[in-house]
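# Summary of the model geometry
Here is how the chains run, residue by residue.
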Amino acid sequence: MLKRNVLFIMCDQLRFDYLSCAGHPYLETPNIDALAARGVRFTRAYVQSPVCGPSRMSYYTGRYMRSHGSNWNGFPLRVGEPTLGDHLRKLGVRTALVGKTHMTSDDEGMQRLGIDPSSTIGVLASECGFEPYDRDDGLHPAGRRHPKQPYNAYLRSKGYEGNNPWETWANSGEAPDGSLQNGWLLAHADKKARAPDEDTETPWTTREAMRFIEEAEAEQRPWCLHLSYIKPHWPYIAPAPYHEMFGREQVVPAIRDERERRNDAHPVYKAFMNLRVSRNFSRDDVRERVIPAYMGLIKQIDDQLGKLFAFLKEKELDKTTLIVFTSDHGDYLGDHWLGEKDLFHEVSVKVPMIVVDPSPAADATRGTTCDALVEAIDLAPTFIEYFGGVSPRHVVEGRSLMPWLCGEAPSHWRTHVFSEYDYSMQDVRRYLGLSVDKCRLFMVFDGRWKYIHAPGFRPMLYDLQSDPRELLDLGADPAHEETLIKMRAALLDWALADHNRITMPDARIEGYSSAAQLKNGILIGYWDEAELEEARRRL
């Protein structure tokens with residue numbers, strides 16, 4: 001069998017509908033579109049939490065948030081939690097990271113187990129199972145820096161001065177008088193970044209990815225590279241010429257309705273609308289300032305992917321490399337009177353997902369779309385299967401997408417997708433006067449009905465068949481009581497499913513029986529010697 005590779009591309013905070021292949025009316029993404037023309041674009045792919053950290057931990061473990069327990073950004077993934085890197089290393093695959101993971105290591109757990117963080121095991125446990133070829137999480141204002149910042153080291157090597165050139169050069173503009181225009185401030189989203197295009201994060205990350213691929217190919221080992229771009233995540237500021245490619249006339253109207261802000265709006269939703277970021281993004285002038293920069297950052301990613309895909313083709317790696325393009329969540333950008341992500345409207349919880357399998361078996365599906373209900377956790381078992389392994393069902397909760405790529409509809413495919421959110425770290429908790437343990441939200445979606453369980457409050461319910469823009473919450477409508485009961489039952493069935501038995505494989509359980517007990521000398525329930533002898537004769 002030919003040596004196989006996986007290129008796992010993730011953008012941060014990229015909406016599913018901000019690609020031309022997904023129908024955006026102004027933003028052209030020809031290189032991502034060309035990728036879709038070579039593979040399958042999954043039109044209903046959902047993340048397991050609409051915020052960076054827990055969403056990524058679900059991608060990297062193949063497990064729901066309620067299983068891996070990393071509920072929010074900065075919550076450590078417990079030491080020993082099996083990851084994609086662990087599964088692929090068993091298959092001889094070099095599994096590495098270039099870019100962002102948002103992983104926080106379980107330092108207390110490693111200390112308890114006597115694991116040296118600088119050892120090979122300690123590094124892998126600290127980096128979500130990835131070899132940290134070049135980790136760059138960005139988002140490090142002065143005074144809050146990750147100890148390893150290769151991108152900042154690169155900027156300093158190019159002569160960019162300051163304590164944190166990531167912030168002051170790549171993510172800030174400059175006024176005519178030379179003063180700094182901080183890119184964190186939405187007012188400066190229309191400015192060009194101080195650093196030129198080639199020195200900003202997206203091109204640097206792309207070059208580092210190519211450097212890794214050349215190194216890995218020289219070793220002649222199969223590899224899985226997680227290429228994780230931090231953009232178009234805020235700070236919303238783009239380098240020239242991307243900062244002026246789009247204007248206010250190309251900002252699509254917000255998806256929102258005054259009915260969403262009525263007095264009887266769901267208390268949790270109302271509290272999220274009250275956050276500063278939501279209040280600002282509800283202003284048209286803010287959307288007109290920020291969204292062109294957001295589009296420019298996506299255009300920059302598409303241009304860089306064009307260079308990367310040409311590099312793969314030149315080395316004929318496009319013939320052996322499974323390529324995935326996706327995002328960790330979306331961005332409200334003022335839709336539904338919200339900013340950021342956090343809740344479960346489509347623009348937040350649904351993500352782009354394009355998968356290209358170079359195998360001849362996938363030729364029939366090239367350039368097609370698939371509307372099956374897909375979850376982020378499905379990528380881990382897909383990669384395991386692509387490399388010739390068998391996904392451990394008792395550990396990995398996702399399902400391989402390989403049958404869909406080969407034009408086969410798997411039997412008993414899921415009928416619901418699930419997502420979770422822990423808002424205890426948000427000011428919403430204080431607005432509502434809740435304790436930390438009461439701040440959970442659960443979403444279940446069956447392709448039509450989207451049900452959101454909010455402990456302590458009534459549920460939310462949307463009918464995406466009659467209301468595809470999700471403007472009318474039916475959760476308090478007695479006419480929909482039957483649907484509410486049905487969706488709550490589906491959520492309960494999922495919540496009670498076995499998800500913690502990760503140390504005992506199914507095969508070992510299936511081999512257990514009373515006959516096996518007898519062979520091991522365990523004699524339970526026999527009446528006398530005659531009955532025992534009869535049982536032994538039947539073995």
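Residues numbered from 1 in each chain as written. Predicted model: local features only at pLDDT ≥ 70, side-chain atom pairs only at ≥ 80, totals over all residues. Heavy atoms only, no water.

### Considerations on the sheet that holds strand β2 (residues 40–42)
As a reminder of what qualifies: Strand pairing follows a simple DSSP-based rule, namely that at least 2 bridges must link the two strands. The way it works is that DSSP assigns letters per residue, a run of H or I at least four long becomes a helix, a run of E at least two long becomes a strand, and they are numbered from the N terminus. To get an axis, fit a line to the C-alpha atoms, keeping to the stretch in contact for a helix; angles then go from 0 to 180 degrees between the N-to-C directions. Throughout, a residue-residue contact means that at least one pair of heavy atoms, one from each residue, lies within 4.5 Å.
In spatial order, the strands read β5-β4-β8-β1-β9-β11-β2-β12; together these eight strands make up an open sheet with mixed pairing. What marks the edges here is a single partner per strand, and that holds for β5 (131–135) and β12 (368–370). Shown here is a sheet whose adjacent strand axes are inclined to one another by a mean of 15 degrees, direction ignored. For strand β9 (residues 321–327) and strand β11 (residues 353–356), the ladder comprises four bridges, and the chain directions are antiparallel. The partner of Ile323 across the bridge, within β11, is Val356. Set on the sheet, helix α2 (residues 52–61) makes contact with β1 (5–12), β8 (223–232), β9 and β11; between it and β1 the angle comes to about 165 degrees.

### Side note on the packing of helix α7 (residues 150–157) against helix α9 (residues 201–219)
Our working rule: By definition in this entry, angles of less than 35 degrees are roughly parallel, angles greater than 145 are roughly antiparallel, angles of 65 to 115 are roughly perpendicular, and the rest are oblique. Each residue is assigned to one of three groups, with Ala, Val, Leu, Ile, Met, Phe, Trp, Tyr, Cys and Pro labelled nonpolar, Asp, Glu, Lys and Arg labelled charged, and all others, Gly among them, labelled polar.
Two numbers describe how α7 lies on α9: the axes approach to 11 Å, and their chain directions differ by 105 degrees. The angle between α7 and α9 falls in the class roughly perpendicular. Residues Pro150, Tyr151 and Tyr154 of α7 form the contact with α9, whose own contacting residues are Glu201, Trp204 and Arg207. Here the residues of the contact of α7 with α9 are counted per class, giving four nonpolar, no polar and two charged.

### Things to note about the pairing of strand β17 (residues 460–463)
Selection rule: Burial status follows relative accessibility: with a 1.4 Å probe on protein chains alone, a residue under 20% of its type maximum counts as buried, one over 50% as exposed, and anything between as partly exposed.
Burial along β17 is two-sided: the residues Met460 and Tyr462 and Leu461 and Asp463 are all buried. For strand β16 (residues 449–453) and β17, the ladder comprises four bridges, and the chain directions are antiparallel. Bridge pairing in β17 links Tyr451 to Leu461. Linkage of β16 to β17, two consecutive antiparallel strands, is achieved through a turn of six residues, within which Gly456 is found at a positive phi near 90 degrees.

### Re the side chain of Glu208
Residue placement: Glu208 occurs in helix α9. Excluding residues that lie within four positions of it along the chain, Glu208 makes contacts with Val98, Tyr133 and Asp134.

### Here's the deal with the pairing of β11
Side chains of β11 alternate between two faces, with Met353 and Val355 and Ile354 and Val356 buried alike. Sheet topology places β2 next to β11; two bridges connect them, and they run antiparallel. In the strand pairing of β11, Arg41 is matched with Ile354.

### Regarding unusual backbone geometry
Across the junction of Lys231 and Pro232, the peptide omega takes the value 10 degrees, indicating a cis bond. Within the secondary structure, Pro232 sits in strand β8. Residues Ala240 and Pro241 are joined by a peptide bond in cis, for which omega reads 5 degrees. Relative to the assigned elements, Pro241 resides in the loop between β8 and α10 (267–273). The phi dihedral of His102 is positive, around 65 degrees, even though this residue is not glycine. One can find His102 in the loop between β4 (94–99) and α5 (107–113). Phi is positive for Leu333, close to 50 degrees, though the residue is something other than glycine. On the accessibility criterion, Leu333 (0% relative accessible area) is buried.

What is shown is where atoms sit, not what they do.
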